[in-house]
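# Observations on the three-dimensional arrangement
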Amino acid sequence: MKIFHTICAAFMAATIASCDAHQDFPDTSMKIGDIVCTDGKIVRYEDMKIQEKTPIAVVFYVNQKEDVEGTGYAVYLNDIEPCAYSDSIGIKHDTSADLTALDGNSNTHAMRSTGTSPAAEAVFDIWEYGQSAYIPSVAQMRLLYAVRETVNPVIERCGGHPLPLDEYDCWYWTSTEVSGQETAKAWLYSTGSGAMQETPKTQAHKLRPIITMNK
């Protein structure tokens, strides 16, 4: 009987030890700096290289809020060349004009529906690989600005153009119209300083598209 108890105690000790043993599991949670690839997969930079995937965008925001659409945002690797928000003054493009709204996607669709927005058309023209690009709202540009120094090196490693930080080449269209002046102006946003500037819609400025992930 003593031998039986000894064997049982040894078995229990081994079982407990095996449960407590450290095991490494891959971290699959999405992080800022992850790569969105042309096949829709979101991977670490090192995995992208190993798996020989083609990058298209870099994650700059991971969503923790239930009332916000999607699981995060990613910024495209390159700019769209300067173009006008609108082809004429006097047109309201029916964006929310809300400086706190993360609504660039619905704004861009509203802009395109008028048939008068070169900027919206330019973004729709680059839709590929199932990625629905759009012009970020002011609030989404603020999120991107906050992590630009983290995201820029990843963009560069992927062969893209980092967001400019100097004061002369840093202004981008947002999709947010200026409240009270919707028929005439929309907001530009500076990736150099985080400043905003209300601007006539017919002026040509750069775009940096983003996408919403639903991983």
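First, a word on what this report is: a plain description of the structure on this page. (Residues numbered from 1 in each chain as written. Predicted model: local features only at pLDDT ≥ 70, side-chain atom pairs only at ≥ 80, totals over all residues. Heavy atoms only, no water.)

Where burial is concerned, most of strand E3 (residues 55–62) is hidden: seven out of the eight residues are buried. Here strand E1 (residues 35–37) runs beside E3; their pairing, made up of three bridges, is antiparallel. Residue Ile-35 lies in a different strand from E3, and its bridge partner there is Val-58. Sheet topology places E3 next to strand E4 (residues 72–76); five bridges connect them, and they run antiparallel. Within E4, the residue paired with Ala-57 across the bridge is Tyr-76. (Buried < 20%, exposed > 50% of the residue type's maximum accessible area, 1.4 Å probe, protein only. Helix = DSSP H or I, 4+ residues; strand = E, 2+ residues; numbered from the N terminus. Pairing = 2+ DSSP bridges.)

The topology assignment puts Gly-160 in the loop between helix H6 (148–157) and strand E6 (171–177). Judged by its relative accessible area of 9%, Gly-160 is buried. For the pair Gly-160 and Tyr-76, spaced 84 residues apart in the sequence, the C-alpha separation amounts to 8.3 Å. The residues contacting Gly-160, other than those within four sequence positions of it, are Leu-77, Asn-78 and Ile-155. (Contact = heavy atoms within 4.5 Å.)

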